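Below, each chain spelled out in residue letters.
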Amino acid sequence: MSIPSITPEGVSELSAKELRRSVLARWGFRLSVVTGWAVFVAVWYLFAQFVFTPQQLPQPHVVAVEAWDVLTQRDFATNIQASFLRVVAGFLLALALSTVLGLVIAYSKWWRRLLNSVLLFIVSVPTVSFAILSLIVLGISPMGPIINAMIVATPYITMNLAQGLTGVDRRLIVMSESFGRTRQQIITGVLIPSSLLSILGGSRLAFAVAWRIELLTEVFAAADGIGFQIRRSFESYDIRGMLAWTVLFVGIMLIIESLVFRQIERRFSRWRSPDLGTTP
């Protein structure tokens, strides 16, 4: 049985096919996203036209006009800044706390059993319960949304970090110890870089959860921010304003998530992947 020879022309043709396949897959994904949004808007129109009244569910173009009016208001920048800073503060606190908890869970069986139960309990509790509890304990305070965002986001980052740490190749740790590296050097030089993809995945999910609970907490226990504006619109039976504020905030958070977390994760994945064009 003869082995087919590998020629530069064959390699070039194979690379061209892979490139075309990658481009088609990329455009197929984009088309599926656009199709999904188009279906969502179409279903919205159908429900607004045949199921609900205009007061109960305004049509998408009516909400879009209202969103533009909200966007041009003076207090929009103030409210979106307040909500955004609370989301970022809660997320950063969750990231710092999760780093410590992830290391403890990965390398201590006793703490792993205890903290796994606690984290599972936090994930199982309805998010609206945290919003109401913060109103009872802290009252109308900017700390409520921040603390709730930290509490709800922490389990997602911690679980992904612990999973990434336990999956690190033990031979790297043994080799580092044989070269006299300290525990801190092993953590910062081996464990964290090896589990960074897991941290990024958990951080992306945690950020999405954080801004949702932050918005919900503002509805109950804040005197400014997007959630507070949604509550004001609801109390005045302004469904268009409520939906407009919600759409704007969700759109901004999705853009931030796509432009920051996805790009960081994509670039790090590309950096971690082996370069097939080089020889060892």
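A. Geometry of unusual backbone geometry. Its identity as a non-glycine residue notwithstanding, Tyr237 has a phi of 60 degrees, on the positive side. By relative accessible area, Tyr237 is classed as exposed at 74%.

B. Here's a closer look at the confidence of the model for the chain. Per-chain confidence: the chain averages 79 in pLDDT, with 83% of residues scoring 70 or above. Helix 8 (residues 183-194) is the least confidently modelled element of the chain, averaging 69 in pLDDT, while helix 2 (residues 60-71) averages 87, the highest of any element. The low-confidence segment residues 274-280, where pLDDT is below 50, has 0 contacts with residues more than four positions distant or belonging to other chains.

C. Inspection of the environment of Pro54 at higher detail. Tracing the sequence through the fold places Pro54 in the loop between helix 1 (8-50) and helix 2. Linking Pro54 and Ile239, residues 185 residues apart in sequence, is a C-alpha distance of 9.2 Å.

D. Just the pattern of salt bridges, in detail. The tally for this structure, following the rule as stated, stands at 3 salt bridges. As a salt-bridge pair, Arg86 and Glu218 come within 2.7 Å of each other at their nearest N and O atoms. Here the residue Arg86 occupies a position in helix 3 (residues 75-107), and Glu218 occupies one in helix 9 (residues 196-221), the gap between them amounting to 132 residues. Here the two residues Arg86 and Glu218 agree in accessibility, since each one is buried. Residues joined by salt bridges that share partners form a network here, namely Arg86, Glu218 and Asp224.

E. A look at the packing of aromatic side chains. As enumerated under the stated definition, the model contains 7 aromatic pairs in all. Between Phe47 and Phe52, the aromatic rings sit 6.4 Å apart at their centres with planes inclined by 25 degrees, giving stacked as the arrangement. Classification of Phe52 as partly exposed rests on a relative accessible area of 37%. Members of the aromatic cluster, each reached through a chain of ring pairs, are Trp37, Phe40 and Trp44. Across the ring face of Trp211, the terminal group of Arg212 is positioned such that the distance to the ring centre comes to 5.2 Å.

F. Summary view of the nonpolar core. Ranked by size, the top nonpolar core spans 32 residues in total, and within it Phe207, Trp211, Ile226 and Phe249 carry the most contacts. Mapped by element, the contributors of at least two residues to this core are helix 2, helix 3, helix 6 (143-166), helix 9, helix 10 (226-235) and helix 11 (239-272). Dropping the residues within four chain positions of it, Phe207 is found in contact with Val87, Phe91, Met253, Ile256, Glu257 and Phe261. Formed by 5 residues, the second largest nonpolar core is a distinct cluster that contains Leu101, Leu115, Leu119 and Ala162.

G. Structural view of the environment of Gly139. Here Gly139 lies in the loop between helix 5 (127-138) and helix 6. Under the relative-accessibility criterion, Gly139 is labelled partly exposed at 21%. Sequence separation of Gly139 and Ala222 is 83 residues, and the distance between their C-alpha atoms is 8.3 Å. In this structure Gly139 touches Ser134 and Ala221, once residues within four positions along its chain are discounted.

What counts, and at which threshold
Residues numbered from 1 in each chain as written. Predicted model: local features only at pLDDT ≥ 70, side-chain atom pairs only at ≥ 80, totals over all residues. Heavy atoms only, no water. Buried < 20%, exposed > 50% of the residue type's maximum accessible area, 1.4 Å probe, protein only. pLDDT = per-residue confidence, 0-100. Helix = DSSP H or I, 4+ residues; strand = E, 2+ residues; numbered from the N terminus. Contact = heavy atoms within 4.5 Å. Salt bridge = Lys/Arg side-chain N within 4 Å of Asp/Glu carboxyl O. Phe/Tyr/Trp six-rings, centres within 6.5 Å; stacked < 30°, edge-to-face > 60°. Lys NZ or Arg CZ within 6 Å of the ring centre and 35° of its normal. Core = buried A, V, L, I, M, F, W, Y, C linked by side-chain atoms within 4.5 Å.

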